[in-house]
Amino acid sequence: MSEVFLELGQRPDEAGPPIHGPVAYPEDVTARLAGDAERILARYPHARSALLPLLHLVQSEDGCLTSAGIRFCAAQLGLSPAEVTAVATFYSMYRRTPTGEYLVGVCTNTLCAIMGGDAILEALEEHLDLEPGQTTPDGKVTLEHIECNAACDYAPVVMVNWEFFDNQTPSSARDLVDGLRSGSPPDPSRGAPLCTFRETARTLAGLTDPRRQGGAPGPATLAGLRVADERDMRTPEDRP
């Protein structure tokens, strides 16, 4: 009987590089992260339910997921590194390569593309001399090509660390990234104040100040509701 050897790892068609980096944190980093992890775990009746915020926690430490981060999460939850990796590689919000201070995502799904998203992405690629997934030499901006972020009412949309910059043009998008790189980041069109990628990761882990509250929806978002009110449109349950 002949033997067959299989090399396990990332599928050839899987997006993004495999998770790599040091396999363990220094003791002081582990102790600090363990304190944060304890706060997160206290919110969940079942420990493994805390996996997603813990992944954000280690991403806030490294700027992306590393082998050390995966092993830390596994140890906190009593899971295997393979179980943690299976979840981490499913979601695009967890980065596998080092990320700049600002993750700039350009949507080119249907409506944003029709409204100029493709032109915006092309303009930023040329302006920054980057391909999607790459970071500027100063470590400030990572350019990303993203899928729909449910902001079609303000298309075309550019997101910076998942905050919205609405109704963009190639010119305004260039001004946006120039502001990010110069240390004068503009305010998002709506939502919470802009902060760095690692600070955003801590917010998503549930560890930041509650000041980061979103704003009210804008007129375009409420257009359908306004029309429904004007025409007295109700669901059957709401009708007298």
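Given the structure is predicted, the values throughout are model-derived calculations rather than measurements.

Thresholds, definitions, all that
Residues numbered from 1 in each chain as written. Predicted model: local features only at pLDDT ≥ 70, side-chain atom pairs only at ≥ 80, totals over all residues. Heavy atoms only, no water. Phe/Tyr/Trp six-rings, centres within 6.5 Å; stacked < 30°, edge-to-face > 60°. Buried < 20%, exposed > 50% of the residue type's maximum accessible area, 1.4 Å probe, protein only. Helix = DSSP H or I, 4+ residues; strand = E, 2+ residues; numbered from the N terminus. Lys NZ or Arg CZ within 6 Å of the ring centre and 35° of its normal. Pairing = 2+ DSSP bridges. Axes fitted to C-alpha atoms, helices over the stretch in contact; angles between N-to-C directions. Salt bridge = Lys/Arg side-chain N within 4 Å of Asp/Glu carboxyl O. Polar contact = N/O pair within 3.5 Å; in protein donor to acceptor, adjacent residues only side chain to side chain. Contact = heavy atoms within 4.5 Å. Patch = residues over 30% accessible without salt bridge, like charges linked within 9 Å, V, L, I, M, F, W, Y side chains within 5 Å. Areas by Shrake-Rupley, 256 points an atom, 1.4 Å probe, with all protein chains shown as cover. UniProt positions renumbered as here; feature names shortened; annotations may be inferred.

**Quick word on the packing of aromatic side chains**
Per the stated rule, a full pass over the model turns up four aromatic pairs. With a centroid separation of 5.0 Å and an interplanar angle of 85 degrees, the aromatic rings of Phe90 and Tyr91 are classed as edge-to-face. Of the residues examined, Phe90 reaches a relative accessible area of 65% and is grouped as exposed. Taking 5.8 Å as the distance between ring centres and 40 degrees as the angle between the ring planes, the aromatic pair formed by Trp162 and Phe197 counts as tilted. One end of the pair, Trp162, is in the loop between strand E3 (158-160) and strand E4 (163-165); the other, Phe197, is in helix H8 (residues 197-204), and 35 residues separate them in sequence. With relative accessibility at 1%, the residue Phe197 sits in the buried group. Three or more aromatic residues joined by ring pairs form one cluster here, namely Phe90, Tyr91 and Tyr94. One residue, Arg190, lies across the ring of Phe164, its end atom 4.2 Å from the ring centre.

**Some thoughts on the sheet that holds E3**
As summarised here, the arrangement of the four strands in space is E2-E1-E3-E4, forming an open sheet in which the pairing is mixed. In this open sheet, the two strands that pair with only one neighbour each are strand E2 (141-146) and E4. Looking at each pair of strands side by side, their axes are set apart by 25 degrees on average, direction ignored. Relative to E3, strand E1 (residues 102-107) runs antiparallel, the two sharing three bridges. Each bridged residue has a counterpart across the sheet, and for Val106 the counterpart in E3 is Val158.

**Structural notes on the pattern of salt bridges**
In total, this model carries seven salt bridges according to the counting rule given. Arg202 is the partner of Asp36 in a salt bridge, and the nearest nitrogen-oxygen pair spans 3.1 Å. Taken as a pair, Asp36 in helix H1 (residues 27-41) and Arg202 in helix H8 lie far apart in primary sequence, 166 residues in all. With a relative accessible area of 10%, Asp36 lands in the buried category. The shortest N-O distance in the salt bridge between Arg95 and Glu144 comes to 3.0 Å. Placement of Arg95 in the loop between helix H4 (81-88) and E1 and of Glu144 in strand E2 is noted, with a sequence separation of 49 residues between them. One exposure class covers both Arg95 and Glu144, and it is buried.

**Thoughts on the side chain of Arg95**
Judged by its relative accessible area of 8%, Arg95 is buried. Polar side-chain contacts of Arg95 include one of 3.0 Å to the side chain of Glu144. In this view, Arg95 contacts Gln59, Gly63, Cys64, Leu65, Leu103, Gly133, Thr142, Glu144 and Phe197; residues no more than four positions away in its chain are not counted.

**Re unusual backbone geometry**
For the peptide bond that leads from Ala155 to Pro156, omega is -5 degrees, which places it in the cis range. Not every positive phi belongs to a glycine, and Ala150 is a case in point at roughly 55 degrees. Assignment of secondary structure puts Ala150 in the loop between E2 and E3. Although it is not a glycine, Asn161 sits at a positive phi angle of roughly 50 degrees. Note on placement: Asn161 falls in the loop between E3 and E4.

**What to know about the pairing of E2**
Among the six residues in E2, five count as buried, and that is most of the element. Both E1 and E2 contribute to a ladder of six bridges, which runs parallel. Paired with Gly105 across the two strands is Glu144, which belongs to E2.

**Brief notes about a nonpolar patch on the surface**
Judged by side-chain polarity, Leu111, Ile114 and Met115 come together as a nonpolar surface patch covering roughly 310 Å² of accessible area. Among the residues examined, Met115 registers a relative accessible area of 48% and is labelled partly exposed.

**Description of the UniProt feature "binding site: [2Fe-2S] cluster" (unreviewed entry) in the chain**
Using the residue numbers shown here, the UniProt feature "binding site: [2Fe-2S] cluster" (unreviewed entry) corresponds to Cys107, Cys112, Cys148 and Cys152. On the basis of their most widely separated C-alpha atoms, the annotated residues across 46 residues gather in one place, lying no more than 9.7 Å apart. When you line up the elements, Cys107 lands in strand E1. Leaving out residues up to four positions away in the same chain, Cys107 has contacts with Cys112, Gly117, Ile146, Glu147, Cys148 and Val157. For Cys152, the location among the structural elements is in the loop between E2 and E3.

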